[in-house]
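Residues per chain are reported as follows:
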Amino acid sequence: MLIVLSMLMGALLGFAAHRAGLCTVKAVAEVLTTRRANFLWSFAKSSLWVMALSALAAAVPLEIGLRHWPLSGLSVAGGMLFGLGAGINGGCTFSTLSRLMDGNLNVLATVLMWPVGIVSALTLMSGLRDATPANVPAGQLPLWLSVPIGLFVLWEAALLVRRLAQSGSLRHSIGAPIYTLSAGAALVGGANAVLLLAWGPWSFTGTMLCVLEASTVARCGASQSVPLLVLAAALVGMAFSSWQRGSFRLQRLRAREAMRHAGGGLLMGIGAMFIPGGNDGLILFGIPSLSPHAIPAYLGILAGVAIALSAMRMMGRVIPSVHCEGDICRTT
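Reading the values: the criteria
Residues numbered from 1 in each chain as written. Predicted model: local features only at pLDDT ≥ 70, side-chain atom pairs only at ≥ 80, totals over all residues. Heavy atoms only, no water. Helix = DSSP H or I, 4+ residues; strand = E, 2+ residues; numbered from the N terminus. Rg over C-alpha atoms; globule rule 2.2 N^0.38 Å. Buried < 20%, exposed > 50% of the residue type's maximum accessible area, 1.4 Å probe, protein only. Contact = heavy atoms within 4.5 Å. Areas by Shrake-Rupley, 256 points an atom, 1.4 Å probe, with all protein chains shown as cover. Lys, Arg positive; Asp, Glu negative; His and termini not counted. Charge placed at Lys NZ, Arg CZ, Asp CG, Glu CD. Pairing = 2+ DSSP bridges. Polar contact = N/O pair within 3.5 Å; in protein donor to acceptor, adjacent residues only side chain to side chain. Core = buried A, V, L, I, M, F, W, Y, C linked by side-chain atoms within 4.5 Å. Disulfide = S-S within 2.5 Å. Phe/Tyr/Trp six-rings, centres within 6.5 Å; stacked < 30°, edge-to-face > 60°. 1 Å grid on protein atoms, 1.4 Å probe; cavity = no way out; pocket = protein on both sides within 12 Å on 5 of 7 lines; lining within 4 Å. Points joined across faces, edges and corners; volume = space filled by probe spheres on them. Nonpolar A, V, L, I, M, F, W, Y, C, P; charged D, E, K, R; others polar. Expected span 1.5 Å × (residues − 1).

Once that is clear, we can look at the overall build of the protein. Looking only at helices and strands, the protein features 14 helices and four strands. The C-alpha atoms of the protein give a radius of gyration of 19 Å, which matches the 20 Å a tight globule of 332 residues would have. Along the first, second and third principal axes, the C-alpha set of the protein runs to 50 × 45 × 40 Å. Across the 332 residues in the protein, those meeting the buried criterion constitute 51%. Of all intrachain contacts in the protein linking residues separated by at least 6 positions in sequence, the fraction that spans at least 24 positions is 79%. If you sum the accessible surface of the protein, you get close to 15100 Å²; carbon and sulfur atoms cover 70% of it. Once the 21 positive and 10 negative side-chain charges of the protein are each reduced to a mean point, those two points are 9 Å apart.

Further remarks concern the pairing of strand S4 (residues 328-331). Here four bridges tie strand S3 (residues 322-325) to S4, and the two strands are oriented antiparallel to one another. In the strand pairing of S4, Glu325 is matched with Ile328. The antiparallel hairpin formed by S3 and S4 contains two residues in its connecting segment, where Gly326 sits at a positive phi of about 65 degrees.

As a further point, take helix H5 (residues 93-101). Summarising burial for H5: eight of the nine residues are buried, a large majority. Listing the buried residues of H5 in full gives Thr93, Phe94, Ser95, Thr96, Leu97, Ser98, Leu100 and Met101. At the exit of H5 stands Gly103, carrying a positive phi of roughly 105 degrees.

Turning our attention to the side chain of His68. Of note, His68 is situated in strand S1 (residues 67-68). Polar side-chain contacts of His68 include one of 3.5 Å to the backbone oxygen of Leu290.

What follows covers unusual backbone geometry. Of the consecutive residues Ile275 and Pro276, the connecting peptide bond is found in the cis state with omega at -10 degrees. As for its position among the elements, Pro276 is in the loop between helix H12 (255-274) and helix H13 (279-286). The backbone of Arg35 shows a phi angle near 65 degrees, a positive value even though the residue is not glycine. You will see that Leu290, though not glycine, has its phi angle at about 60 degrees, which is positive. Following the sequence through the fold, Leu290 ends up in the loop between H13 and helix H14 (294-314).

The next subject is the nonpolar core. One broad rule of soluble globular proteins: the nonpolar side chains tend to lie buried together. Counting residues in hydrophobic clusters, the biggest one holds 73 residues, and the most contacted among them are Met273, Tyr298 and Leu309. A total of eight residues in this core trace back to one element, the largest contributor, which is H14. Ignoring anything within four residues of it in the chain, the contact list for Tyr298 reads Thr24, Leu40, Phe43, Asn279, Leu282, Ile283 and Ile287. Of all hydrophobic cores here, the second largest spans 11 residues; its members include Leu48, Trp49, Leu141 and Ala186.

This structure, assessed with the given rule, holds one disulfide. One disulfide in the model links Cys324 with Cys329; its S-S distance is 1.9 Å. Taking the sign of the S-S torsion, 110 degrees for the link of Cys324 and Cys329, the bridge is right-handed. Classification of Cys324 as partly exposed rests on a relative accessible area of 22%. Between Cys92, a free cysteine, and Cys23, which holds the nearest cysteine sulfur, the sulfur-to-sulfur gap is 5.6 Å.

On inspection of all chains with the given rule, the structure shows six aromatic pairs. With centroids separated by 5.7 Å and ring planes inclined at 40 degrees, the aromatic side chains of Phe240 and Trp243 adopt a geometry described as tilted. On the criterion of helical spacing, the pair formed by Phe240 and Trp243 is a turn pair, its members being three residues apart in helix H11 (residues 225-245). Pairwise contacts between aromatic rings join Phe15, Tyr179, Phe240 and Trp243 into one cluster.

Moving on, we come to empty space enclosed by the protein. Summed over all chains, the structure comprises three cavities of 30 Å³ or more. Approximately 170 Å³ is the volume attributed to the largest cavity. What lines the largest cavity is a set of 15 residues, and nearest its centre among them are Leu22, Phe43, Phe94, Asn279 and Ile283. Secondary-structure elements contributing two or more residues to the lining of the largest cavity are helix H3 (38-59), H5 and H13. A class-by-class count of the residues in the lining of the largest cavity yields nine nonpolar, five polar and one charged.

Before going further, it helps to spend a moment on helix H7 (residues 143-167). Between its first and last C-alpha, H7 extends 36 Å over 25 residues, near the 36 Å set by a 1.5 Å rise per residue. Buried residues along H7 sit in contact with H3 and helix H9 (181-198). Just downstream of H7, Gly168 is the residue with a positive phi angle, here 80 degrees.

What follows is the structure in structure tokens.
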């Protein structure tokens with residue numbers, strides 16, 4: 001039963017991420033082109049939703065199993081490598097998978113090179129394995145932090161309910177081609193919180209690390225079957241979103257573009273091993289658990305993306321331009 005619930009939450013997470021267009025590269029591009037941070041704020045909201053719901057679960061009490069990873073220079077360096085790769089690739093984890101489900105076959109090179117990068121990093125770190133720090137159980141969120149976060153989430157939930165009531169149709173809201181960032185953040189955060197209770201910390205990057213038996217703060221378990229089932233469900237959710245709104249367009253492979261994505265994927269895989277994790281895991285359970293490595297590593301990812309996009313702009317390439325209006329963001 002818990003496995004089925006985990007898969008349902010994975011499907012909802014994938015659907016919401018695809019429909020809201022959540023993407024760290026877009027977030028950095030928005031800052032560079034408009035000096036605004038709507039996307040970044042939506043990521044913070046997702047983490048706050050997870051923190052609030054996790055604190056509520058702990059008060060019941062229910063065991064969640066979040067863990068901490070110590071801060072190190074390697075985590076920050078890994079974040080920058082991951083960000084550089086994401087900038088070159090044109091998207092981080094969920095956005096890459098979303099584009100693949102929309103029919104962009106070129107980003108398949110990114111997905112295939114992620115495990116190659118992880119294995120390469122494992123080889124580089126083989127001599128340091130004995131010195132690799134172990135993750136430790138995360139403590140409960142302190143009361144002085146739980147209360148304001150809980151109040152903020154209640155206020156955010158009230159705004160979402162009011163917007164839903166104003167839309168006049170639940171079916172129309174669910175079938176909207178683009179979700180507001182607030183709705184996407186709430187769905188991603190809420191689905192992940194339930195997933196944390198049903199199975200434990202999960203992310204695509206964490207699943208890859210589990211399969212390759214690398215260090216991760218995600219839950220691997222005795223076998224990789226459950227994380228892989230949740231991953232499959234997330235992809236189904238993205239594919240359904242693409243089909244329902246009619247955004248699937250098969251794009252043929254282009255050698256030059258595929259090579260760029262492959263290079264980006266390789267760097268993302270190496271960075272994911274060093275962090276350990278990716279932008280997805282940091283937002284979904286690293287930052288919500290207050291893991292010491294999470295915020296510095298995520299800042300490293302943002303810096304890496306910014307460096308990559310700035311370098312592209314200096315070379316005359318056009319970087320994505322993000323336009324946000326009414327909590328809905330579009331990229332041109």
